[in-house]
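Residues per chain are reported as follows:
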Amino acid sequence: MEITSKESSWKKEEEEEEEAKIQIYKYIFGFAEAAVIKCAIELQIADAIESHGSPMTLSQLSSALNCSPSLLFRILRFLVHRGIFKQQTTTESPIAYSHTPLSRMLTTMAPLLLLENSPTMVAPWHNLSAKVKADAAGHSNLFEAAHGKDIWSYAAANPAFNTLFNEGLGCNARVVTLPAILGSCRDMFNGVGSLVDVGGGNGTTLSLLVKACPWMKGINFDLPNVVNTSQEYEGVQHVGGSMFDYVPKADAAFFMWILHAWDDEECIKILKNCKEAIPENTGKVIIVDTVMDEKEENKMLLDIRLTLDIMLMTRFRKGRERTGEEWANLLKKAGFSRCIITPIVGVVPSIIQAFSS
Ligand SMILES: C[S@@+](CC[C@H](N)C(=O)[O-])C[C@H]1O[C@@H](n2cnc3c(N)ncnc32)[C@H](O)[C@@H]1O
């Protein structure tokens with residue numbers, strides 16, 4: 001019997017509807033993955049396997065971590081299903097747990113996972129619709145509505161959160177972003193004798209940059225509560241202040257994950273301060289931030305960029321991810337005559353270099 005194209009399109013619709021009835025549960029329990037990963041970090045499963053040095057049985061793991069074997073088994077089963085840890089057979093046991101590349105990240109990226117899944121950071125997400133609905137001008141700040149202060153004042157008043165935030169961003173720089181930048185674009189630091197990292201956090205980024213480019217001196221510029229609690233690094237001078245007042249002088253200025261938190265007017269103010277800080281003819285600004293491109297072929301990267309854009313909605317008054325065209329317009333308005341945008345292979349942000357001449 002011949003199947004008409006109408007019948008085959010009905011069949012496809014029916015199949016999609018059946019699939020949707022399963023897919024919707026992914027969203028019903030969307031929070032569960034993050035909660036189980038947080039649990040695994042708090043239990044220190046990854047660290048135990050790492051220090052054991054070889055696959056661990058359930059009984060070895062549960063006694064090392066002082067956990068209920070049956071509950072730990074269920075946590076591990078959930079994680080193994082997602083490629084976080086794997087099960088293998090050893091000479092001692094038919095089932096032992098070992099690392100996968102993803103489970104190793106539960107150790108290296110633990111500070112960022114714990115930060116983003118902390119009750120403080122999650123609270124504003126619960127009010128997203130209020131911002132979208134009532135805030136035509138986009139002026140409200142969901143973080144402030146949840147905690148009574150904007151995120152930077154909150155960090156200044158809460159030392160534990162300040163540390164959690166700076167360590168979270170620091171590990172992201174160390175594990176993901178800096179290796180990628182140095183791997184593909186180290187040349188952009190050639191001839192730069194001094195670099196100011198504006199909003200540089202606890203100095204992790206700059207410490208890695210000056211180590212990789214030893215001809216460069218680093219100035220780590222951030223709010224006083226951040227630099228006053230940061231460790232010292234060779235070749236890095238910490239300076240406390242606000243980028244809205246001034247930027248310390250250097251051959252080049254570096255911004256990583258900064259400008260996406262601010263609207264165009266605020267960015268122009270910061271960038272103009274920056275222009276005054278760098279030499280008129282030879283100075284440059286290096287921005288490491290997201291460039292939004294909905295045609296991005298890597299669906300996972302696009303998904304993260306779209307998520308970051310919503311994250312900015314939950315955390316800042318007018319933060320947003322910008323397209324390449326929007327970055328170029330912004331830099332032009334701030335007085336830069338040209339810019340070069342370079343994607344960094346395999347990671348979320350791009351490099352945007354801006355020049356005055
Ligand atoms: C998202 S974090 C980025 C940290 C770092 N660049 C990184 O990527 O690891 C933003 C940083 O901007 C800093 N910041 C916020 N307002 C600032 C201001 N007015 N002046 C200087 N730094 C500021 C915060 O303290 C924080 O360290």
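Residues numbered from 1 in each chain as written. Predicted model: local features only at pLDDT ≥ 70, side-chain atom pairs only at ≥ 80, totals over all residues. Heavy atoms only, no water.

In the nomenclature of an unreviewed UniProt entry, the protein is known as Xanthohumol 4'-O-methyltransferase-like of Cucurbita maxima. What UniProt states about the protein under its Sequence similarities (unreviewed entry) heading is, verbatim, "Belongs to the class I-like SAM-binding methyltransferase superfamily. Cation-independent O-methyltransferase family." (UniProt positions renumbered as here; feature names shortened; annotations may be inferred.)

Okay, the site of the ligand next. The environment of the ligand is made up of 16 residues, and the closest members are Gly199, Asp222, Ser242, Met243 and Met256. A distance of 2.8 Å separates a nitrogen atom of the ligand from a polar backbone atom of glycine 199. At 2.8 Å, a backbone N or O of methionine 256 approaches a nitrogen atom of the ligand. Here the ligand has 590 Å² of accessible area as a free molecule, and 94% of this is covered by the chains. Residues of the shell around the ligand, tallied by class, amount to eleven nonpolar, four polar and one charged. (Near = heavy atom within 4 Å. Polar contact = N/O pair within 3.5 Å; in protein donor to acceptor, adjacent residues only side chain to side chain. Areas by Shrake-Rupley, 256 points an atom, 1.4 Å probe, with all protein chains shown as cover. Nonpolar A, V, L, I, M, F, W, Y, C, P; charged D, E, K, R; others polar.)

Bringing the pairing of strand S7 (residues 284-289) into the picture now. Burial runs high along S7: six of the six residues are buried. Of the two faces of S7, the one lined by Lys284, Ile286 and Val288 and the one lined by Val285, Ile287 and Asp289 are each fully buried. In terms of strand pairing, strand S6 (residues 252-256) meets S7 through five bridges, oriented parallel. Paired with phenylalanine 254 across the two strands is isoleucine 286, which belongs to S7. Once the chain exits S6 it traverses helix H15 (residues 264-277) before rejoining the sheet at S7, and the crossover so formed is right-handed. (Buried < 20%, exposed > 50% of the residue type's maximum accessible area, 1.4 Å probe, protein only. Helix = DSSP H or I, 4+ residues; strand = E, 2+ residues; numbered from the N terminus. Pairing = 2+ DSSP bridges. Right-handed = clockwise from strand over helix to strand, strands pointing away.)

Each disulfide consists of a covalent bond between the sulfur atoms of two cysteine residues. Applying the stated criterion to the full structure yields zero disulfides. Between cysteine 67, a free cysteine, and cysteine 39, which holds the nearest cysteine sulfur, the sulfur-to-sulfur gap is 7.8 Å. In this structure cysteine 339 is a free cysteine whose sulfur lies 14 Å from that of cysteine 267, the closest cysteine sulfur available. Using a relative accessible area of 28% as the deciding quantity, one classes cysteine 339 as partly exposed. (Disulfide = S-S within 2.5 Å.)

Bringing the pattern of salt bridges into the picture now. Counting across every chain of the model gives 15 salt bridges. In this structure, glutamate 18 and lysine 21 form a salt bridge, with 3.2 Å as the shortest nitrogen-oxygen distance. Taken together, the residues glutamate 18 and lysine 21, both in helix H1 (residues 5-28) and three residues apart, mark about one turn of the helix. Residue classification places glutamate 18 among the partly exposed residues on the basis of a relative accessible area of 46%. The salt bridge partner of arginine 305 is glutamate 296, with a shortest N-O separation of 2.8 Å. Under the relative-accessibility criterion, arginine 305 is labelled buried at 6%. Put simply, Asp264, Arg320, Arg322, Glu326 and Lys333 are held in one network by salt bridges that share partners. (Salt bridge = Lys/Arg side-chain N within 4 Å of Asp/Glu carboxyl O.)

Along its sequence, the protein is carved into domain 1 (32-108) and domain 2 (110-355). Summing both partners gives a buried area of about 670 Å² for domain 1 against domain 2, and 72% of it is carried by carbon and sulfur. When the area that domain 1 buries against domain 2 is broken down by residue, the three leading residues are Lys38, Ile41 and Thr108, summing to 61%. Our count for the contact surface shared by domain 1 and domain 2 stands at zero salt bridges. Where the side of domain 1 that touches domain 2 is concerned, the elements lending two or more residues are helix H2 (32-43) and helix H6 (101-108). Split into classes, the residues belonging to the side of domain 1 that touches domain 2 amount to five nonpolar, two polar and two charged. (Domains from an automatic or database assignment. Buried area = accessible area lost by both parts, 1.4 Å probe.)

Here we take up the UniProt feature "active site" (unreviewed entry) in the protein. What UniProt calls "active site" (unreviewed entry) maps, in this numbering, to His260. Looking at where histidine 260 falls in the secondary structure, it is placed in the loop between S6 and H15. Note on histidine 260: relative accessible area 5%, which makes it buried. Those residues in contact with histidine 260 that lie beyond four places of it in its chain are Asp289, Leu312, Gly319, Arg320, Glu321 and Arg322. (Contact = heavy atoms within 4.5 Å.)

All right, on to the packing of helix H12 (residues 159-185) against helix H13 (residues 204-212) then. As a packed pair, H12 and H13 sit with axes 9 Å apart at the nearest point and diverge in direction by 35°. Once H12 is placed against H13, the crossing between them reads as right-handed. For the pair formed by H12 and H13, the contact residues are Gly170, Ala173, Arg174, Leu178 and Leu182 on the first element and Thr204, Thr205, Leu208, Leu209 and Ala212 on the second. Its residues assigned to classes, the contact of H12 with H13 shows six nonpolar, three polar and one charged. (Axes fitted to C-alpha atoms, helices over the stretch in contact; angles between N-to-C directions. Left-handed = near helix turned anticlockwise from the far one by under 90°.)

Time to look at the sheet that holds strand S8 (residues 338-343). The seven strands are arranged S5-S4-S3-S6-S7-S9-S8 in an open sheet whose pairing can be described as mixed. Two strands bound the open sheet, and with one partner strand each, they are strand S5 (236-240) and S8. With direction set aside, neighbouring strand axes in the sheet form an average angle of 20°. In this sheet, S6 lies alongside strand S3 (residues 194-198) in parallel orientation, the contact comprising four bridges. Following the sheet pairing, aspartate 197 is matched in S6 by phenylalanine 254. Each of S6, S7 and strand S9 (350-355) touches H12; the most contacted strand, S6, lies at about 135° to it. Strands in contact with H15 are S6 and S7; relative to S6, the strand with the most contacts, it is inclined by about 150°.

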